[in-house]
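Next come the chains, spelled out residue by residue.
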Amino acid sequence: MLYNKRTNTCGELNTRNIGETVVLNGWVAKKRDLGGIIFIDVRDRYGITQIKVSPDRKDISSLAASLGNEFVISAKGKVIQRESPNKNIPTGEIEIEVEELQVLNESLTTPFVVEEDVKANEDLRLQYRYLDLRRKKMMDGLLLRNKVYQMVHGFYAKHDFVEVETPILMKSTPEGARDYLVPSRVHKGKFYALPQSPQTYKQILMVSGLDRYVQICKCFRDEDLRADRQPEFTQIDVEMSFVTQDDVFKISEELFKNIWKEVLDFNLPEQFPRMTYDYAMTKYGIDKPDLRIKDLMIITEITDAVKTSDFKVFKDVINSGGIIAGIKTGKSQDGSKIEITRKISDGYTDFAKKLGFGGLATLKVNEDGSLQSSILKFLNEESIKGLSAAFDAQPGDFILILSGDKSKVLNGLGQLRLKIAEDFKLLDDSKHEFVWITDFPLFHYEEEENRFVGEHHVFTSPKDEFIHLLDSKDRKEIESIRANCYDLVYNGNELGSGSIRIHDSETQKKVFRIIGLTDEEAAEKFGFILEAFKYGAPPHGGVAFGFDRMIAMLSGTKSIRDIIAFPKTVSAASLMDNCPSPVIKLQLDELGIQLKQG
RNA sequence: GGAGCCGUAGUUCAGUUUGGUUAGAACGCCUGACUGUCACUCAGGAGGUCGCGAGUUCGAGUCUCGUCGGUUCCGCCA
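Residues numbered from 1 in each chain as written. Chains lettered and ligands numbered in written order. Predicted model: local features only at pLDDT ≥ 70, side-chain atom pairs only at ≥ 80, totals over all residues. Heavy atoms only, no water.

S.K.: Sorry if this is basic, but what is going on with the pairing of strand 16 (residues 398-404) here?
M.R.: Across the 7 residues that make up strand 16, a large majority, 7, are buried. A two-sided burial pattern is seen for strand 16, the buried positions comprising Phe-398, Leu-400, Leu-402 and Gly-404 on one face and Ile-399, Ile-401 and Ser-403 on the other. Pairing analysis gives 6 bridges linking strand 13 (residues 323-328) to strand 16, with the strands arranged antiparallel. Bridged to Lys-328 within strand 16 is Ile-399. Note: strand 14 (residues 361-365) against strand 16, 4 bridges, orientation antiparallel. Counterpart to Lys-364 in the pairing with strand 16 is Phe-398. (Buried < 20%, exposed > 50% of the residue type's maximum accessible area, 1.4 Å probe, protein only. Helix = DSSP H or I, 4+ residues; strand = E, 2+ residues; numbered from the N terminus. Pairing = 2+ DSSP bridges.)

Following this line, the structure appears as structure tokens:
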């Protein structure tokens, strides 16, 4: 097809180009046909430029009048000053006086109107993703993603990291998330797994002496989805030899500082604050505390303060080994008071009940410093004093108390804290609060399966002072083991996770034993890495950052679907190309697979 | 696996509480008019399996049960 090829994009012409003859290629975003004169907004990735067809150009006018939205056109003409400029767009000072007009392709009427303030529901937009991506906001998401992608590559290249492509078809590892499986045709009855992460490969690359590895790679997990979780997602995967936790933190902080400066023009601190897992759980009730409200509603345990009271609810909890703890609202950082009315308070009680608590005790601190609450009548003088002191109760404060099993209470208060923060709009999006959470437990006991499982992954090393406990048989002792393991948390979201790894096969075997793998099973499943560790594995460690989540946060969207070109729905389906889909019998036969009925 | 919300014109929604005449609006689409618009304006028009399937009823968009899809959260996500 012969047509006038563009000399310029639709986003770059301005008053300096007046008088030039140019050609634009693009999509019809909007046509305004005034009867004689016709205006058309032409759109491409770079912007929108208005072209004008004068009524005296009869031949062009009829063609222009017949254009529909999303037609692809080529327009040639002179750049002229607009009689009435549009200040809302960069090209709004000028327009093109059309001399030649060609239709390069027509378009059906689109199922939804392609406009910035799109009205269509997400499922329709997903089905016609290519139309949705024509919107500036969506295109900007992809462009931002590309920008950061390039930055990450450049950053690690500058620091002597080597990018290595690890296999997409790998051995299934039964620990952790469900694997996506790929049947083997050659080895009938055997399966590959898609990587949940290239964890084993990157560690083996350290054994190879690669020293510094990075890969921006796809990972796959067959688990239920959320707004911030997709079945396939991208992570920045990093591994380094001869490093400590501090080395990993340092280079990671530099990466994030660069990105936040470049994209948001925000200066992150030289070093990110650190907080142990235990502190985070005890004070914030969650392992990813949102430090935009750092000093607000920190959890206070008052078990001791009220232990002399006769209140049956508290007594029962104490006797069964539980705790009593609470948070107080206090004043918000901008000084505005958090006014908790009876109605709001009842709402929080319902919230607590939904979390499985019998109720929520609330106390109001009067202007004279006295307490007001329905539970006061159950408490003795000593308890009331102790409680008041523990919370440093000030006039206007509102205190919310939960009691029960320790982890449940902390978790409940953590959730209440976030709910109150959200209800009173205390989470300021202009804040950028990074924090490293360190010293995670190495194991936790899975009651249902009746065994220990790795809190992080099974290659995470215990901190030196806990190594002797790997030989323990005592549940409490094993649960007390802390790991060289860390998460990077940003505004209450987990952005990354990593650890210093085990690099000797003896320690690795002990860890396998604790999670219930016999030496034989460990050899069957992870023998290759145990074997590799026998041949001079260097001390090493690394981290992986969620690339999609990072881009979502940089662009201010909650859903990572918005910044993934072709995302899947919460049921892991793609509405555009209709996958997953059935396959023909021949394909199954070749794989030796027979489907179960029903 | 569990819970909540949503599903009505091409699109976004109203109508469902309290079952009852011909299911409405806006945008989009089509036809006509219009020479400075940028949410063009004006006049007219077409367009509906009320997600699907049972049930209750003289009568169901509306009530009940089931089912499918979307979405949010919990479980899950080493």
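S.K.: Help me understand helix 1 (residues 58-65), please; the structure alone is not making it clear to me.
M.R.: Structural remark: α-helix, 3.6 residues per turn; residues separated by three or four positions point the same way. Among the residues making up helix 1, those that are buried are Ile-60, Ser-61 and Ala-64. Seen along its axis, helix 1 keeps its buried residues to an arc of 105°; they face one direction. Looking at helix 1, the residues exposed on the side facing more than 90 degrees away from the buried face are Lys-58, Asp-59 and Ser-62. On its buried face, helix 1 is in contact with strand 1 (21-33), strand 2 (38-44), strand 3 (47-53) and strand 5 (94-105). (Arc of directions from axis to C-beta. Contact = heavy atoms within 4.5 Å.)

S.K.: What should I look at first to understand the protein's contact with RNA strand B in this one?
M.R.: Lining the immediate surroundings of RNA strand B are 45 residues, of which Lys-30, Asp-33, Ser-84, Gly-454 and His-456 lie closest. When atoms of RNA strand B within 4 Å of the protein are split into backbone and base, the sugar-phosphate part holds 49%. For RNA strand B, a base oxygen lies 2.7 Å from a polar atom in the side chain of Arg-32. Elements with a minimum of two residues in the surface near RNA strand B: strand 1, strand 3 and helix 2 (122-127). A class-by-class count of the residues in the surface near RNA strand B yields 12 nonpolar, 16 polar and 17 charged. (Near = heavy atom within 4 Å. Polar contact = N/O pair within 3.5 Å; in protein donor to acceptor, adjacent residues only side chain to side chain. Nonpolar A, V, L, I, M, F, W, Y, C, P; charged D, E, K, R; others polar.)

S.K.: What is the right way to look at the nonpolar core in this model?
M.R.: If you look at soluble globular proteins, the nonpolar side chains tend to sit buried side by side. Counting residues in hydrophobic clusters, the biggest one holds 38 residues, and the most contacted among them are Val-148, Tyr-156, Ile-236, Phe-256, Trp-260, Phe-434 and Met-550. Top element by residues in this core is helix 6 (residues 245-264). It accounts for 7 residues. Setting aside residues no more than four positions away along its own chain, Phe-256 makes contact with Leu-268, Phe-272, Phe-434, Leu-488, Leu-495, Phe-545 and Met-550. Core analysis: the next-biggest nonpolar cluster, separate from the first, contains 36 residues, Leu-291, Val-435, Phe-526 and Phe-533 among them. (Core = buried A, V, L, I, M, F, W, Y, C linked by side-chain atoms within 4.5 Å.)

S.K.: So what exactly am I meant to see when it comes to the packing of helix 5 (residues 199-207) against helix 14 (residues 519-533) here?
M.R.: Between two packed helices, both the angle of their axes relative to each other and the distance between the axes serve to describe the pair. With their axes 10 Å apart at the nearest point, helix 5 and helix 14 run at an angle of 20° to one another. When the axis of helix 5 is compared with that of helix 14, the two are roughly parallel. Seen along the crossing, helix 5 lies across helix 14 with a hand that is left-handed. Every residue of helix 14 that contacts helix 5 at Thr-200, Gln-203, Ile-204 and Val-207 is listed here: Phe-528, Ile-529, Ala-532 and Phe-533. Here the residues of the contact of helix 5 with helix 14 sort into 6 nonpolar, 2 polar and no charged. (Axes fitted to C-alpha atoms, helices over the stretch in contact; angles between N-to-C directions. Parallel < 35°, antiparallel > 145°, perpendicular 65-115°, else oblique. Left-handed = near helix turned anticlockwise from the far one by under 90°.)

S.K.: Quick question: what am I supposed to make of the sheet that holds strand 17 (residues 434-438) here?
M.R.: Paired through backbone hydrogen bonds, the strands of a sheet run either parallel or antiparallel to each other. Taken in spatial order, the 8 strands of this open sheet run 6-9-10-22-21-20-17-11, and their pairing is mixed. Taken across any chain shown, the strands that pair with only one partner, and hence form the sheet edges, are strand 6 (162-163) and strand 11 (274-276). As paired strands, strand 17 and strand 20 (residues 485-490) are joined by 4 bridges and run antiparallel to one another. Directly across from Trp-436, in strand 20, lies its bridge partner Leu-488. Sitting on the sheet, helix 5 is in contact with strand 9 (212-220), strand 10 (232-241) and strand 22 (540-546), with an inclination near 20° to strand 10. Contacts from helix 15 (residues 547-554) reach strand 10, strand 20, strand 21 (493-500) and strand 22, with the element oriented near 110° to strand 10.

S.K.: Any chance you could explain the pattern of salt bridges here in plain terms?
M.R.: Two side chains of opposite charge can pair, provided their charged atoms sit close to one another. Throughout the structure, instances matching the rule amount to 37 salt bridges. Between Lys-136 and Asp-140 there is a salt bridge, with the nearest N and O atoms lying 2.8 Å from each other. Pair noted here: Lys-136 and Asp-140 are both in helix 4 (residues 136-158), with a separation of 4 residues, about one helical turn. Asp-140 sits in the partly exposed class, given a relative accessible area of 33%. Arg-145 is the salt-bridge partner of Asp-548, the closest N and O atoms lying 2.9 Å from each other. Pair noted here: Asp-548 is in helix 15 and Arg-145 is in helix 4, with a separation of 403 residues, a long-range link. (Salt bridge = Lys/Arg side-chain N within 4 Å of Asp/Glu carboxyl O.)

S.K.: Please explain the sheet that holds strand 13 as it appears in this structure.
M.R.: Here 5 strands make up an open sheet; going across it, the order is 12-13-16-14-15 and the pairing antiparallel. Strands with a single pairing partner mark the edges of an open sheet, and in this sheet they are strand 12 (300-301) and strand 15 (371-372).

S.K.: What am I meant to see in the packing of helix 4 against helix 6 here?
M.R.: The N-to-C vectors of helix 4 and helix 6 enclose an angle of 145°; their axes lie 11 Å apart at closest approach. For the element pair helix 4 and helix 6, the recorded crossing hand is right-handed. Touching Leu-144, Lys-147, Val-148, Met-151, Val-152, Phe-155 and Tyr-156 of helix 4 are Ile-251, Glu-254, Leu-255, Asn-258, Ile-259, Glu-262 and Val-263, all from helix 6. Class assignment of the residues belonging to the contact of helix 4 with helix 6 gives a composition of 10 nonpolar, 1 polar and 3 charged.

S.K.: Sorry, what's going on with a nonpolar patch on the surface here?
M.R.: Taken together, Tyr-130, Phe-566 and Met-576 make up a surface patch of nonpolar side chains, about 310 Å² in accessible area. Examined against the element boundaries, Met-576 turns out to sit in the loop between helix 15 and helix 16 (585-591). (Patch = residues over 30% accessible without salt bridge, like charges linked within 9 Å, V, L, I, M, F, W, Y side chains within 5 Å. Areas by Shrake-Rupley, 256 points an atom, 1.4 Å probe, with all protein chains shown as cover.)

S.K.: Please clarify how the environment of Asn-146 should be interpreted in this entry.
M.R.: With respect to the helices and strands, Asn-146 occurs in helix 4. On a C-alpha basis, the gap between Asn-146 and Ile-551 in space is 9.7 Å, while along the polypeptide they are 405 residues apart.

S.K.: Can you walk me through the environment of Arg-451 in this structure?
M.R.: Along the polypeptide, Arg-451 turns up in strand 19 (residues 451-454). Residues Arg-451 and Phe-191 lie 260 residues apart in sequence; the distance between their C-alpha atoms is 27 Å. Discounting chain neighbours no more than four positions away, the residues touching Arg-451 are Glu-175, His-444, Tyr-445, Glu-446 and Ile-515.

S.K.: I keep staring at the packing of aromatic side chains and nothing clicks. Help me out?
M.R.: Given two aromatic rings, their pairing is described by the distance between the two centres and the angle made by the two planes. Summed over all chains, the structure comprises 21 aromatic pairs. Ring geometry for Trp-260 against Tyr-490: centres 5.2 Å apart, planes inclined by 75°, an arrangement best described as edge-to-face. Highlighted residues: Trp-260 in helix 6 and Tyr-490 in strand 20, separated in sequence by 230 residues. The exposure class of Tyr-490 is buried, given its relative accessible area of 4%. Look at Tyr-277 and Phe-440: their rings are 5.0 Å apart centre to centre, the planes differ by 40°, and that puts the pair in the tilted class. Remark: Phe-440 occurs in the loop between strand 17 and strand 18 (443-446) and Tyr-277 occurs in helix 7 (residues 277-284); sequence separation between them is 163 residues. Since its relative accessible area comes to 14%, Tyr-277 is described here as buried. Aromatic ring contacts, followed pair by pair, group Phe-256, Trp-260, Phe-272, Phe-434, Tyr-490 and Phe-545 into a single cluster. When the ring centre of Phe-357 is taken as reference, the NZ or CZ atom of Lys-408 above it lies at 5.0 Å. (Phe/Tyr/Trp six-rings, centres within 6.5 Å; stacked < 30°, edge-to-face > 60°. Lys NZ or Arg CZ within 6 Å of the ring centre and 35° of its normal.)

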